[in-house]
Amino acid sequence: KSISPTAVTPLDRRRGQLAALSIAAVVIIVGVPLWWRTTETYRAWLPVSQIKDLAKLQLHLSADVEVVFARVDGDLLVQFIILRLQNMKPARYETKYRTATIMEEDALKKPTAAEADLSLHMLSESPCGSLVVYVIPESSSLLPEDVNVYIGQRRTALVRISAQMRVGKTLEQLLAQLEPRIKQVLQVMSFSHTDITVALSDRVRFRPGNKESIADSMRAFKSSPGYEITFSLLNPDPKSHQLHWDIEGAVQTYIQPLLTKLSPLANFSIDSQTLYYTMLGVTPRFDSSLEAYTLNADSLAHVINPVEARLGSNAASSNPVLNFLLYVPDIRHSPLYIHDHRKQEVPSNAFHSPRWGGIMVYNVNGFYGSETEFPVHVNINMAKVMGVFLAQLRLLLGVQSLSPPPGFLVAPCGSTGLADWELDRLMWSRSVENIATATTTITSLAQLLDQIGNIVINDNIAQQVSSAVTSLQLAMAELEVGNLGFALQYSKEAILASEKAFFDPSLLHLLYFPDDQKFAIYIPLFLPMCVPILLSMLKIVSEVRQRRREKQAKKE
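Residues numbered from 1 in each chain as written. Predicted model: local features only at pLDDT ≥ 70, side-chain atom pairs only at ≥ 80, totals over all residues. Heavy atoms only, no water.

Peer 1: Can you explain the overall build of the chain? Please cite residues and give values.
Peer 2: Broken down by element type, the chain carries 15 helices and 16 strands. In the chain, which comprises 556 residues, the share counted as buried stands at 44%. Residue pairs at least 24 apart in sequence account for 78% of intrachain contacts in the chain once pairs closer than 6 positions are excluded. With an accessible surface of roughly 31,200 Å², the chain has 56% of that area assigned to carbon and sulfur atoms. (Helix = DSSP H or I, 4+ residues; strand = E, 2+ residues; numbered from the N terminus. Buried < 20%, exposed > 50% of the residue type's maximum accessible area, 1.4 Å probe, protein only. Contact = heavy atoms within 4.5 Å. Areas by Shrake-Rupley, 256 points an atom, 1.4 Å probe, with all protein chains shown as cover.)

Next up, the structure:
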């Protein structure tokens, strides 16, 4: 017997339609949101609006300056000068004027300007970033006759002006003489437009006339949380020279005081090494007129690369390395002198390379004699060597060597190797540089994350970005009111947080699938399941339309 197919009843057809609709509803209501939620890229909230505002903010710097007039005959004239000057405050400086106290007057009666500077410092220590200018009469014996301005080791300056107590034209001459000198003092001891330009050298185009600013910006290392300093003794001829250098004692005596003073800026680590059979890589030329070997300025650029390959580096640290090399020529090329571009002998017999370090040639031919036995035992004069390295270290860290205007006398920086006002200038530059660098980093990160939508932004990155933005806002606010120490600290926190967020490993775009790869994975998985559901839905829609047409035909 033939088996006839079972007829589909309306009830069965209704149940099939409900089953298809139920499956479609579950897929759309539950499956699609669940799939979307479990496969979406997690992106924590970022302060995008505040980041955009950072690029629009203008940086305002302010320094506290106090002008103190020594008591002279005719206090009414001093008061009149103060009232006149209070209406002529220089831009960028919060200037206050007053007369000297009795204790300050006693300090200004010291025999020398250096002693007066120390006594004034003992009376009251000026805050970081501030200056005090003492105006003394012409009759004062603190300054030599040809000196009108004395700049001390700390944050104090002495300015001498004519004190002829006559009203009228003489007073106008006195004011005209005082104002430009105070401005000159501020340009030397505090921040200037040149300092800010150098700090923003990577972001500001220099004008053709700013060649000195270009040189300063290219010589010094960029701001960093830490630096590594390496002292290397190069002995290419150990068979002839047995060298002894007290590098540990020299570092403690000459270098460590400077690094201690620079501790607010960065952390420093020091190491030393002795390298044998290490040549400069450039053959010196013999000068018969000098009976010595010479290295011309044009050949100095070829000295560093061969030597640098022997120095080694600390792979575990990402901090910049400052290299200081002491080279003792071998007996065949001794003595050896460095000549500048004018073919003149360099007094220090040393040179430095921008953002790398310095090399000093130390001749020991004076130890040779007719009956000399080799190897010659040489005790290196570390005071002479460290004097050169200390000057190079100042330049490489951004301490600008300024030539004071005529009539200015700048006190030696002392045992620390750095005056207080020089530290302040460096802190101003580093604060501005840190703010600019952190702002650029955060802005670039925000643009990157906005352009690539499938990069995961975890909570740690969002926290670092928010911390950087907050620190930047605080640093700008502190700079505006003249709190240099807090501004520098906030700027360091901003640059650390911004770089930590920018270089986070989870931000690598290659760790996540692009959209085309997602389709290549999901289509083979979901297409076989979605086709029957889609066909069932199309069939249900077709049947519903057929019923409507039949009902309309019956009504007609």
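Moving on from the model shown.
Peer 1: Tell me about the pattern of salt bridges, residues and numbers included.
Peer 2: The full count for this structure, using the stated rule, is 10 salt bridges. Of the charged contacts in the structure, one is a salt bridge between Asp420 and Arg155, with a shortest N-O distance of 4.0 Å. Of the two residues, Asp420 sits in helix H12 (residues 420-451) while Arg155 sits in the loop between strand E4 (149-151) and strand E5 (156-161), which places them 265 residues apart along the sequence. Like Asp420, the residue Arg155 is buried in the burial classification. The partner of Asp340 in a salt bridge is Arg342, and the shortest N-O contact between them spans 3.8 Å. Here Arg342 falls in the exposed class, since its relative accessible area comes to 66%. (Salt bridge = Lys/Arg side-chain N within 4 Å of Asp/Glu carboxyl O.)

Peer 1: How would you sum up the sheet that holds E4? Please name residues and give values.
Peer 2: If you trace the six strands from one edge of the open sheet to the other, you get E2-E1-E3-E5-E4-E16, paired in mixed fashion. Whereas interior strands pair on both sides, the edge strands pair on one side only; in this sheet they are strand E2 (93-99) and strand E16 (408-410). Strand-to-strand twist across the sheet, computed as the mean angle between neighbouring axes with direction ignored, equals 20°. Note that E4 and E16 share three bridges and pair parallel. Directly across from Val149, in E16, lies its bridge partner Phe408. (Pairing = 2+ DSSP bridges. Axes fitted to C-alpha atoms, helices over the stretch in contact; angles between N-to-C directions.)

Peer 1: Kindly report on a nonpolar patch on the surface, identifying the contributing residues and their values.
Peer 2: Among the surface-exposed residues, Phe519, Ile523, Leu527, Val531, Leu534, Leu535 and Leu538 lie close enough to one another that they form a single nonpolar patch of about 690 Å² accessible area. Looking at the element boundaries, Leu527 is found in helix H15 (residues 515-555). Among the residues examined, Leu527 registers a relative accessible area of 48% and is labelled partly exposed. (Patch = residues over 30% accessible without salt bridge, like charges linked within 9 Å, V, L, I, M, F, W, Y side chains within 5 Å.)

Peer 1: So what's going on with the sheet that holds strand E8 (residues 267-276)? Which residues, and what values?
Peer 2: Read across the open sheet, the five strands follow the order E8-E6-E11-E14-E13; overall the sheet is mixed. Two strands lie at the open edges of the sheet, namely E8 and strand E13 (350-353), each paired on one side alone. Mean inter-strand twist for the sheet, computed between neighbouring axes without regard to direction, equals 15°. Relative to strand E14 (residues 357-361), strand E11 (residues 321-327) is paired through five bridges, and the arrangement is parallel. If you follow Leu325 over to E14, its bridge partner there is Ile359. With respect to the sheet, helix H10 (residues 304-311) is in contact with strand E6 (226-235), E8, E11, E13 and E14, its orientation differing from that of E8 by roughly 100°.

Peer 1: Outline the UniProt feature "transmembrane region" (unreviewed entry) in the chain, listing residues and values.
Peer 2: Within this structure's numbering, the places UniProt gives as "transmembrane region" (unreviewed entry) are residues 18-36 and 519-541. Helix makes up 100% of residues 18-36 and strand 0%. Its end C-alpha atoms lie 26 Å apart. Secondary structure across residues 519-541 divides into 100% helix and 0% strand, with the first and last C-alpha atoms of the span separated by 28 Å. (UniProt positions renumbered as here; feature names shortened; annotations may be inferred.)

Peer 1: Got a sec to walk through unusual backbone geometry? Specific residues and values, please.
Peer 2: A cis geometry characterises the amide bond from Ser334 onward to Pro335, with omega recorded as 0°. Examined against the element boundaries, Pro335 turns out to sit in the loop between E11 and strand E12 (336-338). Residue Tyr277 is not a glycine yet carries a positive backbone phi of 55°. For Tyr277, the location among the structural elements is in the loop between E8 and strand E9 (285-287).

Peer 1: Tell me about helix H5 (residues 113-123), and name the residues and values.
Peer 2: Because each turn of an α-helix spans 3.6 residues, side chains separated by three or four positions in sequence point in the same direction. What H5 keeps buried is the set Ala113, Ala116, Asp117, Ser119 and Leu120. For H5, the angular spread of buried residues about the axis comes to 165°, placing them on one side. Contact partners of the buried residues in H5: helix H4 (102-107), strand E3 (131-137), E4 and E5. (Arc of directions from axis to C-beta.)

Peer 1: Can you break down the packing of helix H13 (residues 459-481) against helix H14 (residues 484-502) residue by residue, with the values?
Peer 2: Where H13 contacts H14, the two axes come as close as 8 Å, and the packing angle between them is 155°. The orientation of H13 with respect to H14, classified from their angle, is roughly antiparallel. By crossing handedness, the relation of H13 to H14 is classed as left-handed. Side by side, H13 and H14 meet where Ile461, Gln464, Val465, Ser467, Ala468, Ser471, Leu472, Leu474, Ala475, Glu478 and Leu479 of the first sit next to Leu484, Phe486, Ala487, Tyr490, Ser491, Glu493, Ala494, Ala497, Ser498, Lys500 and Ala501 of the second. Residue composition of the contact of H13 with H14, grouped by class: 14 nonpolar, five polar and three charged. (Parallel < 35°, antiparallel > 145°, perpendicular 65-115°, else oblique. Left-handed = near helix turned anticlockwise from the far one by under 90°. Nonpolar A, V, L, I, M, F, W, Y, C, P; charged D, E, K, R; others polar.)

Peer 1: I'd like a description of the side chain of Ser299, backed by residues and values.
Peer 2: Within the fold, Ser299 resides in the loop between strand E10 (292-295) and H10. From its side chain, Ser299 meets the backbone oxygen of Asn296 in a polar contact 2.8 Å long. (Polar contact = N/O pair within 3.5 Å; in protein donor to acceptor, adjacent residues only side chain to side chain.)

Peer 1: Could you give an account of the nonpolar core, naming the residues involved and the relevant values?
Peer 2: Core analysis: the biggest nonpolar cluster contains 98 residues, and Phe231, Leu322, Leu326, Ile380, Met386, Leu393 and Val465 have the highest contact counts within it. Counting only domains with at least three residues in this core, you end up with domain 2 (63-194) and domain 3 (225-397). Not counting residues within four places of it along the chain, the set of residues in contact with Phe231 comprises Trp245, Ile247, Val251, Ile255, Ile270, Asp271, Ser272, Gln273, Phe324, Met386 and Phe389. (Core = buried A, V, L, I, M, F, W, Y, C linked by side-chain atoms within 4.5 Å. Domains from an automatic or database assignment.)

Peer 1: Before we move on, can you summarise the pairing of E13 with the specific residues and values?
Peer 2: Taken together, the four bridges between E13 and E14 define a ladder with antiparallel strand orientation. Residue pairing for E14: Phe351 is matched across the bridge by Ile359. As consecutive antiparallel partners, E13 and E14 are separated by three residues, and within that stretch Arg355 has a phi angle of approximately 55°, a positive value.

Peer 1: Could you give me a rundown of the packing of helix H9 (residues 247-261) against helix H11 (residues 382-396), with the residues and numbers involved?
Peer 2: It is the contact of H9 with H11, at a shortest axis distance of 10 Å, that shows an interaxial angle of 30°. The angle between H9 and H11 falls in the class roughly parallel. When you trace H9 past H11, the crossing you get is right-handed. Contact residues: Ile247, Ala250, Val251, Tyr254, Ile255, Leu258 and Leu259 in H9; Met382, Ala383, Met386, Leu390, Leu393 and Arg394 in H11. Split into classes, the residues belonging to the contact of H9 with H11 amount to 12 nonpolar, no polar and one charged.

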